[in-house]
Amino acid sequence: MAGISIAVFKLTLAIFLAVVPTALAAPTPPPFNWGSISSSEKLSWHKCYNDFQCTKLKVPLNYSSPISNTNSASIAILRRQANVSSRSKEYKGPILFNPGGPGESGVDQVLRIGEQMSTILGEFDLVGFDPRGIARSTPKASYFNDVQRAAFTPLSGLSITNQTDEGVGRTWAGAQILGKLAGERGKGFLEHLTTPNTARDMRSILKAYGRDKLQYWGISYGTVLGATYAAMFPDKIERMVIDGVADSDDYFSGSGAIDLVDAEKVMESFYTGCAKAGPQNCPFHASDAATIRSNLEALYEKLRTQPVPVVTSDAIAIIDHAFVRVAVWTALHYPFDLFKPLSAGLAALAAGDGSIMFSVFGAPPAELFCDAKAHTDDYVFEGTYTLKAFEEMAKVSQFADTWAQLRIGCSGWPKIPRNDFRGPWTGNTSHPILLIGNTADPATPMVSAKKMSSGFPNSVLLTQNSFGHTSMVEPSTCTYKVVREYFTTGALPAPGTICQPDFDTPFRPDDAAKQTRRALSVEDDQIREVASQLSANFAKRRHLSPLSIGL
């Protein structure tokens, strides 16, 4: 592998310092004690986190029976109120959000993006909820005591499935541990922590809101939830945007191979973009894409036997083959915000310094706006998985070694009877659905969006000509204007519409004014700025565990 000069290393460090703070800066609201409010069958709103309102809604744990002391769940809900009064003719009701996961907190999502999103959708209440079993909602899917959690973390954290010959087996064994604990400690409620029941919870939220039809924006796994709601309640949709669309059949079967069909396209965009950008904007630069690919592969191999230690004032780490593989996989989800820091980290690592890689990818994510005990590291799986599926996945993409960890996590799940809704994901909805897909998405490819759109008559698939996981990870004024028009008026874009991103490359100069941009009006420039802030917010979700950036 080509050597890295001192001059290039210094440039690398300068680029890292210039890029990363912009992506990370964000105000943190004061904490809120969710234990101070009681769950009820009505939405009793309480002021929280400065500019938000919080409540807990009591719903049936098992929807086949009415709410009782032994048959109830509590759903934590947060909203940012519309910029207009609910009595105003301009008020358009609530939009429910789901950020994916599965297992991401909708409360945290709206806390992250509510202020920016209200600039685009100011006439709406922006509503986030923690799906049943997750974060602040109860009963909570938490299966470990502290000792077991500490012991399990090395089995489930930063790893890749085929890192060693026994990698698949070790990953499988960890899944059996999780499944056994879930079966023992989830008795009486685990079977009710399902996507169809979460769809029913959204119906309950709407009814408590005094609304009959759903307005919804779901990304990644949230598209599975949205499609499930649309199939179960096709006549109860007012607006629905699903972005980064997963194949619901594949999700519930647990195969996963279809998810990766565009991953190599995104990886190739790193090589070609870096070669075109030059060393000033891509420190891992080489004269052509093939050489950059070769250099990265050589670095992978070197790290198998020569990992790089990192010691800081408050942390220690080893940057090894697995760390970098998962870091690259993470960056494929957020190219706009992470390709340039990734290139800086790789260049420094090639020179023997792992500090940038650790700073960008290795630090655990901050508990965003959280009360104590709000989060869980556990996940609620619904699919099945066979080890043969890993072999099929590996035929599709080199990143089977990271993606399979999420899928194999299902293999030990308790054998719970599945008598609930399991498709088909089709329906003649009361208002057509808007689907959004990127040209190349590493986890939810365009082919999945096209398949899901075919099941819902009159739906429209909007293409954003960019790379990464969901449209929200790269600013596109065009896409946000389409979404705003859809939510406010119901109008859909013409079939075949393609929105361009606001920037030509993730390897943009530090001075954005020098970056060639498409001409924007004052209004559009405001949307572009909001879109850039939202992209940075979504990139903050990065963390070196494939589980945290999956569907």
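The shown structure was predicted, so the numbers you read here are calculated from the model rather than taken from an experiment.

Undergrad: Where do I start with helix 11 (residues 335-350) in this structure?
TA: Along an α-helix, a turn takes 3.6 residues, which lines up residues three or four apart on a common side. Summarising burial for helix 11: 16 of the 16 residues are buried, a large majority. Count one or two residues on from helix 11 and you reach Gly352, which has phi positive near 95 degrees.

Undergrad: I'm lost on the state of the cysteines in this one. Help?
TA: Here is the idea: a disulfide is a covalent bond, and it sits between the sulfur atoms of two cysteines. Tallying each qualifying case throughout the model produces three disulfides. The disulfide bridge from Cys48 ends at Cys54, spanning 2.1 Å between sulfur atoms. Here Cys48 and Cys54 share a disulfide; its torsion about the S-S bond, 85 degrees, makes the bridge right-handed. Between Cys478 and Cys499 runs a disulfide, and the two sulfur atoms are separated by 2.0 Å. Its torsion about the S-S bond being -60 degrees, the disulfide of Cys478 and Cys499 is classed as left-handed.

Undergrad: Is there a simple way to explain a nonpolar patch on the surface in this structure?
TA: A grouping of Val261, Val396 and Val447 is seen on the molecular surface, where their side chains present a nonpolar patch of about 190 Å² in accessible area. Looking at where Val261 falls in the secondary structure, it is placed in the loop between helix 7 (248-253) and helix 8 (263-277). When its relative accessible area of 34% is taken as the criterion, Val261 is described as partly exposed.

Undergrad: When you look at the pattern of salt bridges in this model, what are you seeing that I'm missing?
TA: A side chain of one charge can pair with a side chain of the opposite charge when the charged atoms of the two come close. Tallied over the entire structure, the rule returns 16 salt bridges. Among the salt bridges present, the one from Arg132 reaches Asp201, with a minimum N-O distance of 2.7 Å. Taken as a pair, Arg132 in the loop between strand 5 (125-129) and helix 3 (146-156) and Asp201 in helix 5 (residues 195-209) lie far apart in primary sequence, 69 residues in all. Note that Lys236 and Asp212 form a salt bridge whose closest N and O atoms lie 3.2 Å from each other. Taken together, the residues Lys236 in the loop between helix 6 (221-232) and strand 7 (237-243) and Asp212 in the loop between helix 5 and strand 6 (214-219) connect sequence positions 24 residues apart. Residue classification places Asp212 among the partly exposed positions, given a relative accessible area of 39%. The structure contains a network of salt bridges with shared partners spanning Asp108, Asp130 and Arg136.

Undergrad: Sorry, what's going on with the packing of aromatic side chains here?
TA: The geometry of two aromatic rings is summed up by the distance between their centres and the angle between their planes. Scanning the model with the defined rule gives 18 aromatic pairs in all. Note on Phe124 and Phe487: the rings are 6.0 Å apart at their centroids and 65 degrees apart in plane angle, and the pair reads as edge-to-face. Of this pair, Phe124 sits in the loop between helix 2 (106-120) and strand 5 while Phe487 is found in helix 16 (residues 477-489), placing the two residues 363 residues apart along the sequence. Neither residue differs from the other here; Phe124 and Phe487 are each classed as buried. An aromatic cluster is defined as three or more aromatic residues linked by ring pairs; in this entry it consists of Phe97, Phe124, Trp217, Tyr486 and Phe487. Positioned above the aromatic ring of Phe233, the side-chain terminus of Arg203 is 5.7 Å from the ring centre. In this structure, Arg508 is placed above the aromatic ring of Phe336, and the distance from its NZ or CZ to the ring centre is 3.8 Å.

Undergrad: Mind showing me how you'd approach the pairing of strand 3 (residues 73-80) here?
TA: The side chains of a regular strand alternate, first on one face of the sheet and then on the other. Extensive coverage of strand 3 is indicated by the burial of eight of its eight residues. Here seven bridges tie strand 2 (residues 52-59) to strand 3, and the two strands are oriented antiparallel to one another. In the sheet register, Cys54 faces strand 3, and the bridge partner there is Leu78. Where strand 3 lies against strand 5, four bridges are found, and the strand directions are antiparallel. Residue pairing in the sheet places Ile77 in a bridge with Phe129 of strand 5.

Undergrad: Sorry, what's going on with the side chain of Ser74 here?
TA: With respect to the secondary-structure elements, Ser74 resides in strand 3. For Ser74, a relative accessible area of 9% corresponds to the buried category. Within the structure, Ser74 has its side chain in polar contact with the side chain of Ser39 (distance 3.1 Å). Each residue touching Ser74, except ones within four places of it in the same chain, is listed here: Ser39, Lys56, Leu57, Ser137 and Thr138.

Undergrad: Any chance you could explain the environment of Ser453 here in plain terms?
TA: Of note, Ser453 is situated in helix 15 (residues 446-454). Distance from Ser453 to Ile433, taken between C-alpha atoms, is 8.2 Å for residues 20 residues apart in sequence.

Undergrad: Could you clarify how one ought to interpret the environment of Leu342 in this entry?
TA: Within the secondary structure, Leu342 is located in helix 11. Exposure remark for Leu342: the relative accessible area of 1% places this residue in the buried category. Expressed as a C-alpha distance, the spacing of Leu342 and Phe284, which sit 58 residues apart in the sequence, is 8.7 Å. Each residue touching Leu342, except ones within four places of it in the same chain, is listed here: Phe270, Val328, Ala331, Met357 and Phe361.

Undergrad: Please clarify how the pairing of strand 8 (residues 308-311) should be interpreted in this entry.
TA: Residues Val308 and Val310 line the buried face of strand 8, whereas the alternating positions Pro309 and Val311 sit on a face that is not buried. Where strand 8 meets strand 9 (residues 316-319), four bridges bridge the pair, whose relative direction is antiparallel. Across the sheet, the residue bridging to Val308 is Ile319, located in strand 9.

Undergrad: So what exactly am I meant to see when it comes to the confidence of the model for the protein chain here?
TA: The predicted coordinates should not be examined in detail at positions where pLDDT is low. Scored by pLDDT, the protein chain comes out at a mean of 84, with 81% of its residues at no less than 70. Contacts for the low-pLDDT stretch residues 1-26, under 50 throughout, to residues beyond four places or in other chains number 44 contacts. Every residue in residues 543-550 scores below 50 in pLDDT, and together they form 38 contacts with partners more than four places removed in sequence or on other chains.

Undergrad: Sorry, what's going on with the packing of helix 10 (residues 321-333) against helix 11 here?
TA: Pairs of packed helices are described in terms of their axes, by the angle between the two and the distance that separates them. Across the interface, helix 10 lies against helix 11 with an axial gap of 7 Å and an inter-helix angle of 155 degrees. Relative to helix 11, the element helix 10 is oriented roughly antiparallel. The crossing of helix 10 and helix 11 is left-handed. Contact residues: helix 10 offers Val324, Val328, Thr330, Ala331, Leu332 and His333, while helix 11 offers Pro335, Leu338, Phe339, Leu342, Leu346 and Leu349. Taken together, the residues of the contact of helix 10 with helix 11 sort by class into 10 nonpolar, two polar and no charged.

What counts and how
- Residues numbered from 1 in each chain as written.
- Predicted model: local features only at pLDDT ≥ 70, side-chain atom pairs only at ≥ 80, totals over all residues.
- Heavy atoms only, no water.
- Buried < 20%, exposed > 50% of the residue type's maximum accessible area, 1.4 Å probe, protein only.
- Helix = DSSP H or I, 4+ residues; strand = E, 2+ residues; numbered from the N terminus.
- Disulfide = S-S within 2.5 Å.
- Patch = residues over 30% accessible without salt bridge, like charges linked within 9 Å, V, L, I, M, F, W, Y side chains within 5 Å.
- Areas by Shrake-Rupley, 256 points an atom, 1.4 Å probe, with all protein chains shown as cover.
- Salt bridge = Lys/Arg side-chain N within 4 Å of Asp/Glu carboxyl O.
- Phe/Tyr/Trp six-rings, centres within 6.5 Å; stacked < 30°, edge-to-face > 60°.
- Lys NZ or Arg CZ within 6 Å of the ring centre and 35° of its normal.
- Pairing = 2+ DSSP bridges.
- Polar contact = N/O pair within 3.5 Å; in protein donor to acceptor, adjacent residues only side chain to side chain.
- Contact = heavy atoms within 4.5 Å.
- pLDDT = per-residue confidence, 0-100.
- Axes fitted to C-alpha atoms, helices over the stretch in contact; angles between N-to-C directions.
- Parallel < 35°, antiparallel > 145°, perpendicular 65-115°, else oblique.
- Left-handed = near helix turned anticlockwise from the far one by under 90°.
- Nonpolar A, V, L, I, M, F, W, Y, C, P; charged D, E, K, R; others polar.

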